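A closer look at the structure
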Amino acid sequence: MEILQPIVIDEVKPRENLNDSHPDILELEWFENKKQKLTRVTRSGTVLELRLGNLKEWQQGDRLYSHEQQVATIYFKTCLTICFVPQNDTEAADFCYFIGNQHLPVFVISDQHFAVPYDGRLYEQLSVKYGPRLELKDAQLLSAQSLRYLVQKRTHEN
């Protein structure tokens, strides 16, 4: 049995700085965005070893390089989410407060659409409170969509 040596990623470039894309994709789960060390296999079967280093977290579209050669691009997989559209600001605050007490991240996936990663017990609790207004939906949860990120961004803009 042949053991593959991982390719060590020594440079990461954000998507917005580059126009070209690489055909090989490294898929990550939404909760792996802050993993300090990862060893994963790309879609084409290449084994990569990544270290977060000075970055705060992995981002959708990050270009991964080894010895100045682009190896792959990061893509976050979709996952099952619980989606909720509040009818007013009070309901939005109530929803976010409830989810925050569960220590789960809240994401804004589109205009006034809140999403949280699916959890069976949480879904049951939210169903009692919000009923048929909840929707189970596959969605991509990106850190730039998290309330935590949006609040930090707004704080730094002011």
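Up top you'll find the structure we're talking about.
So, here's what we can say about the structure. Every chain is numbered on its own, with residues counted from 1 as its sequence reads. The predicted origin of the model limits local features to residues at a pLDDT of at least 70 and limits the giving and counting of side-chain atom pairs to 80 or more, whereas totals for whole chains, interfaces and linings rest on all residues. Water and hydrogen atoms play no part in the side-chain values, which are based on all heavy atoms of the structure.

1. Re the pairing of strand E9 (residues 107–110)
Strands were regarded as paired on the criterion that DSSP finds at least two bridges between them. Every helix listed is a DSSP run of H or I at least four residues long, and every strand listed is a run of E at least two residues long, numbered separately from the N terminus. Two elements, E9 and strand E10 (residues 113–117), share three bridges in a ladder whose sense is antiparallel. Within the sheet, the bridge partner assigned to Ser-110 lies in E10 and is His-113. Linkage of E9 to E10, two consecutive antiparallel strands, is achieved through a turn of two residues, within which Gln-112 is found at a positive phi near 60°.

2. What about the pattern of salt bridges?
Salt bridges, as used here, are contacts in which a Lys or Arg side-chain nitrogen is within 4 Å of a carboxyl oxygen on Asp or Glu. Inspection of every chain in the model, using the stated rule, returns seven salt bridges. The salt bridge involving Glu-57 is made with Lys-34; its shortest N-O contact spans 3.8 Å. Taken together, the residues Glu-57 in the loop between strand E5 (47–51) and strand E6 (63–66) and Lys-34 in the loop between strand E3 (25–28) and strand E4 (37–41) connect sequence positions 23 residues apart. For each residue, the accessible area found with a 1.4 Å probe, counting protein chains only, is set against the maximum for its type, and the residue is called buried under 20%, exposed over 50%, and partly exposed in between. The exposure class assigned to Lys-34 is partly exposed, which follows from its relative accessible area of 40%. Between Arg-51 and Glu-49 there is a salt bridge; the shortest N-O distance is 3.7 Å.

3. Notes on unusual backbone geometry
Excluding glycine, most residues fall at negative phi; most peptide bonds, likewise, are trans. The phi dihedral of His-67 is positive, around 50°, even though this residue is not glycine. By the secondary structure assignment, His-67 is in the loop between E6 and strand E7 (69–76). Overall, His-67 belongs to the exposed group, its relative accessible area being 66%. The phi torsion at Glu-68 lies on the positive side, around 65°, for a residue other than glycine.

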